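# Commentary on secondary and tertiary structure
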Amino acid sequence: MSDFSAVEPGTDLSGYARDLIRMHDAVIAGGRSPLRPRPLVARSWTRVLAAGLVPDRPRARSVLAVADVERRRRESLLTAVIEDLTQAVACLADTSSQLMLVVADAEGVVLWRYGSAKVRHRADSLGFREGARWTEDAVGTNAIGTALTEAAPVQLFSGEHFEQFQHPWYCTAAPIHDPRTGELLGIVDISGPALTLHPAITALVATGVRLAESQLWRHHENRLDRLRSAAGPALAAVTGPALVVDEHGWVAHAVGVAATRRVAVPRADRAVTVPGLGTCVAEQLADGWILRPDTRSRGTRWELDLSGPPTLSVLGGESGWRSALSARHAEILLLLHLHDRRGMTVRQLSEALYGDPDHAVAVRAEISRLRRVVGSALESRPYRLAESLDLTIDLGAADRLADTDFLRHTAGPGLRAMCAARQR
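This section reports on the structure supplied with the text. Treat the numbers as computed from the prediction; the structure is a model and nothing was measured. (Residues numbered from 1 in each chain as written. Predicted model: local features only at pLDDT ≥ 70, side-chain atom pairs only at ≥ 80, totals over all residues. Heavy atoms only, no water.)

### Looking at the sheet that holds strand 10 (residues 288-293)
Strands belonging to one sheet form pairs held by backbone hydrogen bonds; the direction of such a pair is parallel or antiparallel. Spatially, 7-6-10-9-8 is the arrangement adopted by the five strands of the open sheet, whose pairing is antiparallel. The open sheet has two free edges, formed respectively by strand 7 (251-255) and strand 8 (272-274), since each of these has just one partner strand. Across the sheet, the mean angle from the axis of one strand to that of its neighbour is 30 degrees, orientation sign disregarded. In this sheet, strand 7 lies alongside strand 6 (residues 242-246) in antiparallel orientation, the contact comprising four bridges. When the bridges of strand 7 are listed, Val-245 appears paired with Val-251. (Pairing = 2+ DSSP bridges. Helix = DSSP H or I, 4+ residues; strand = E, 2+ residues; numbered from the N terminus. Axes fitted to C-alpha atoms, helices over the stretch in contact; angles between N-to-C directions.)

Take a look at the structure:
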């Protein structure tokens, strides 16, 4: 994280702050300055100016009611790790220090602040308090709002802030994500008077983010343990293979099948294809699902519809489903269907899709993404469709595959050549 530091070690903070303030005034006014803003700062200033903010008149801070802040805290996953975060910086954010820990949600609303009464009082004068929204369009360039916009860690020092009233401050912020889903949960920020900035602050923020995300993962594992225990009575009545998964598809327990870490998110209104189990039906538990093979049909019937934008339908069983496909994924399914049980190697797929054998990495990436849709229906070594799969092709009004708009516009030379040869 040191790559985003605003100040080089050993810099004279007082002199550098004066230089940045002069640069800020010159650049914002459209003049020239020997010192230029960093690219990140320049991008942010451009956005803020376009939003109509002015540097010498800060926008009025709207602050949520206490009840609304409490509700956001209760709904935030960060509530589970806020105590660990505060303890991580407790040795620095004590009554004698001049730094403040701030945690905001994914909308930039400040939910928690920790630090000495003196520094919190100074922050109050900026409207930097619980319930205030610190996005770029609300308060200009600042570490919380800019980290949200850039989706990256940010450190700002003195005159790099857009509002002149924030020039006496530094701020260092980084996003926190849900380790299960990758969803942005909020921002961890450490702020304080500009001339007290220490090089270790960036490392401290990085440590806080790693700690929070590791603790969130530990809470996730604990929830899987509880789900595994809760599923015990239901599993006792199940014969044959099964998986217990949470609401996000993370596997808590496997019976009679090699466990995978995660499967497609189950839904009650459709079947789901699971590696090692095939097409499964989902039975809802209190906080998750039991997935069992659909035994109502001997095989799985699929339909690849090429009469318009490519779609894949899985028919039969207790429920069916329909999913849009990218053109590339439809090409792969069609190629494997035409090759029957012989299957295709990575090299053959590369030549058919791209016209040369040099796109093995791209082929493997596409296969990996396609498996998120079709699961174990796509087998390997060579790549082929599962023997139990009955795939039909819907050509719409076309009499032949070669006459479909899909094939005429596809980029795969090998697929066109194969279909043309079959028509001769």
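### Observations concerning unusual backbone geometry
Residue Pro-382 is reached from Arg-381 by a cis peptide bond, and omega for that bond is -5 degrees. As for its position among the elements, Pro-382 is in the loop between strand 14 (378-379) and strand 15 (384-385). In this structure, Ala-151 is a non-glycine residue whose phi angle is positive, near 55 degrees. Turning to its location among the elements, Ala-151 is positioned in the loop between helix 7 (143-150) and strand 3 (154-157). Under the relative-accessibility criterion, Ala-151 is labelled exposed at 61%. (Buried < 20%, exposed > 50% of the residue type's maximum accessible area, 1.4 Å probe, protein only.)

### Quick notes on the pairing of strand 1 (residues 100-105)
The element strand 1 is largely enclosed, with a buried count of six among its six residues. Going residue by residue along strand 1, you find Met-100, Val-102 and Ala-104 tucked away on one face and Leu-101, Val-103 and Asp-105 tucked away on the opposite face as well. Note that strand 1 and strand 2 (residues 110-115) share five bridges and pair antiparallel. Each bridged residue has a counterpart across the sheet, and for Val-103 the counterpart in strand 2 is Trp-112. From the end of strand 1 to the start of strand 2, which pair antiparallel, there are four residues, and Gly-108 there has a positive phi angle of about 80 degrees. Bridging between strand 1 and strand 5 (residues 184-193) involves six bridges; their strand directions are antiparallel. In the sheet register, Asp-105 faces strand 5, and the bridge partner there is Gly-186.

### Some thoughts on the side chain of Arg-72
Tracing the sequence through the fold places Arg-72 in helix 3 (residues 66-75). For Arg-72, a relative accessible area of 19% translates into the label buried. Within the structure, the side chain of Arg-72 is placed 2.7 Å from the side chain of Asp-105, a separation counted as a polar contact. A distance of 3.0 Å separates the side chain of Arg-72 from the side chain of Glu-107, its partner in a polar contact. With near-sequence residues (within four places) excluded, Arg-72 lies in contact with Leu-64, Asp-105, Glu-107, Val-109 and Leu-111. (Polar contact = N/O pair within 3.5 Å; in protein donor to acceptor, adjacent residues only side chain to side chain. Contact = heavy atoms within 4.5 Å.)

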